[in-house]
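Coordinates in review
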Amino acid sequence: SQTIHQWPATLVQPVGSPLSLECTVEGTSNPNLYWYRQAAGRGLQLLFYSVGIGQISSEVPQNLSASRPQDRQFILSSKKLLLSDSGFYLCAWSLTGYNSPLHFGNGTRLTVT
Amino acid sequence: GENVEQHPSTLSVQEGDSAVIKCTYSDSASNYFPWYKQELGKRPQLIIDIRSNVGEKKDQRIAVTLNKTAKHFSLHITETQPEDSAVYFCAASEADSWGKLQFGAGTQVVVTP
């Protein structure tokens, strides 16, 4: 069966510091991968998605970036965090093709101070 | 692109009563509609989904109905229990992409004993 691992679970970082969140998927090949952000009490905002190695699409302009160095690895990064980057970050995967549900990781709660 | 509206934003029900959440979508070509449940501090989890060739689907106390003509779909929870308290998100696939999901804003359901 497929599993998704996301770490760290919580993170407190000062403004201006770098960020690296990592996500890996096991048990499937060539998944679609996603990064979502959820502000407190708000909905799910799609940040990036990837349909293959090195293929990244950005949904929202910001100071974040994403990379997919391996088939089942997805990384979210920032060179300099802003206060507004605080939130709950969720990695997710789905099978390629249409009509496939998303499966979310446990999330990373990021607080920028 | 697809636009999904979800109502109500909050819903309070007595234990044992039914709860109904409604979503409308804009793209008549959308053909996949999942529902997610997110408990406080946890990841969203798929609870039920429906495809456009089906009008209704049930899974124990949960059912989803789809009206393609009117472009709306609904989640029905019967005999609500306190553990049904959570935020529920509907979503619709974007038919002009590879099936990327567009989420509604969420409904906070509170079941009171």
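So, a few notes on the structure that sits alongside this text. (Residues numbered from 1 in each chain as written. Chains lettered and ligands numbered in written order. Predicted model: local features only at pLDDT ≥ 70, side-chain atom pairs only at ≥ 80, totals over all residues. Heavy atoms only, no water.)

1. Quick look at the sheet that holds strand E7 (residues 64–70) of chain A
Residues and elements named next belong to chain A. As summarised here, the arrangement of the 4 strands in space is E1-E3-E8-E7, forming an open sheet in which the pairing is antiparallel. Only two strands of the sheet have a single partner each, and these edge strands are strand E1 (3–7) and E7. Averaged over all pairs of adjacent strands, the angle between strand axes in this sheet comes to 15°, irrespective of strand direction. With 5 bridges joining them, E7 and strand E8 (residues 73–78) adopt antiparallel strand pairing. Within E8, the position partnered with Ala 66 by the bridge is Leu 76. (Pairing = 2+ DSSP bridges. Helix = DSSP H or I, 4+ residues; strand = E, 2+ residues; numbered from the N terminus. Axes fitted to C-alpha atoms, helices over the stretch in contact; angles between N-to-C directions.)

2. Section: the state of the cysteines
Evaluation of the coordinates by the stated rule reveals 2 disulfides over all chains. The disulfide bridge from Cys 23 of chain A ends at Cys 91 of chain A, spanning 2.0 Å between sulfur atoms. One quick way to see it: the torsion about the S-S bond of Cys 23 of chain A and Cys 91 of chain A is about -75°, and its sign makes the bridge left-handed. Of this pair, Cys 23 of chain A sits in strand E3 (residues 19–26) while Cys 91 of chain A sits in strand E9 (residues 87–94); the two residues are 68 residues apart in sequence, bridging distant segments of the chain. Here Cys 23 of chain B is linked by a disulfide to Cys 90 of chain B, with a sulfur-sulfur distance of 2.0 Å. Taking the torsion about the S-S bond as the criterion, the Cys 23 of chain B to Cys 90 of chain B disulfide, at about -100°, is left-handed. With Cys 23 of chain B in strand E3 (residues 19–25) and Cys 90 of chain B in strand E9 (residues 86–93), this pair connects stretches of sequence that are 67 residues apart. Relative accessible area serves as the criterion here: at 1%, Cys 23 of chain B is assigned to the buried category. Take Cys 90 of chain B: its relative accessible area is 0%, and that puts it in the buried class. (Disulfide = S-S within 2.5 Å. Buried < 20%, exposed > 50% of the residue type's maximum accessible area, 1.4 Å probe, protein only.)

3. Concerning the nonpolar core
If you look at the biggest cluster of nonpolar residues, it comprises 23 residues, and the most contacted ones within it are Ile 21, Tyr 25, Phe 33, Trp 35, Phe 73, Leu 75 and Tyr 88 of chain B. Counting residues per element, the ones that place at least two in this core are strand E2 (10–14), E3, strand E4 (32–38), strand E5 (45–51), strand E7 (62–67), strand E8 (72–77), E9 and strand E11 (107–112) of chain B. Filtering out sequence-adjacent residues up to four positions away, Tyr 25 of chain B remains in contact with Glu 2, Asn 3, Val 4, Ser 30, Phe 33, Leu 66, Asn 67, Lys 68, Lys 71, His 72, Phe 73 and Ala 92 of chain B. By size, the runner-up hydrophobic cluster in this structure holds 19 residues, among which are Leu 33, Phe 48, Leu 64 and Phe 74 of chain A. (Core = buried A, V, L, I, M, F, W, Y, C linked by side-chain atoms within 4.5 Å. Contact = heavy atoms within 4.5 Å.)

4. Quick word on the sheet that holds E8 of chain B
All names here are of chain B. With antiparallel pairing, 5 strands are arranged side by side in an open sheet as E1-E3-E8-E7-E6. Unpaired on one side and paired on the other, strand E1 (4–7) and strand E6 (56–59) mark the two borders of the sheet. The mean inter-strand angle of the sheet, taken between neighbouring strand axes irrespective of direction, is 15°. Pairing geometry for E1 and E3, over 4 bridges, is antiparallel. Counterpart to Val 4 in the pairing with E3 is Tyr 25.

5. Overview of the interface of chain A and chain B
Across the contact, 24 residues belong to chain A and 20 residues belong to chain B. For the pair chain A and chain B, the interface holds 1 salt bridge. For Glu 59 of chain A, the salt bridge goes to Lys 100 of chain B, with nearest N and O atoms at 3.1 Å. Across the chain A-chain B interface, the total number found is 5 residue pairs in polar contact (both at pLDDT 80 or more). Where the side of chain A that touches chain B is concerned, the elements lending two or more residues are strand E4 (32–38), strand E5 (45–52) and E9 of chain A. Take the side of chain A that touches chain B: its biggest share by element is 4 residues, from E4 of chain A. (Salt bridge = Lys/Arg side-chain N within 4 Å of Asp/Glu carboxyl O. Polar contact = N/O pair within 3.5 Å; in protein donor to acceptor, adjacent residues only side chain to side chain.)

6. Points about the packing of aromatic side chains
Going through the model one piece at a time under the given rule, you end up with 11 aromatic pairs over all chains. Seen from their ring centres, Phe 104 of chain A and Tyr 36 of chain B are 5.7 Å apart, and the 85° between their planes marks the pair as edge-to-face. With Phe 104 of chain A in strand E10 (residues 103–104) and Tyr 36 of chain B in strand E4, this residue pair bridges two chains. Each of the two residues, Phe 104 of chain A as well as Tyr 36 of chain B, counts as buried. (Phe/Tyr/Trp six-rings, centres within 6.5 Å; stacked < 30°, edge-to-face > 60°.)

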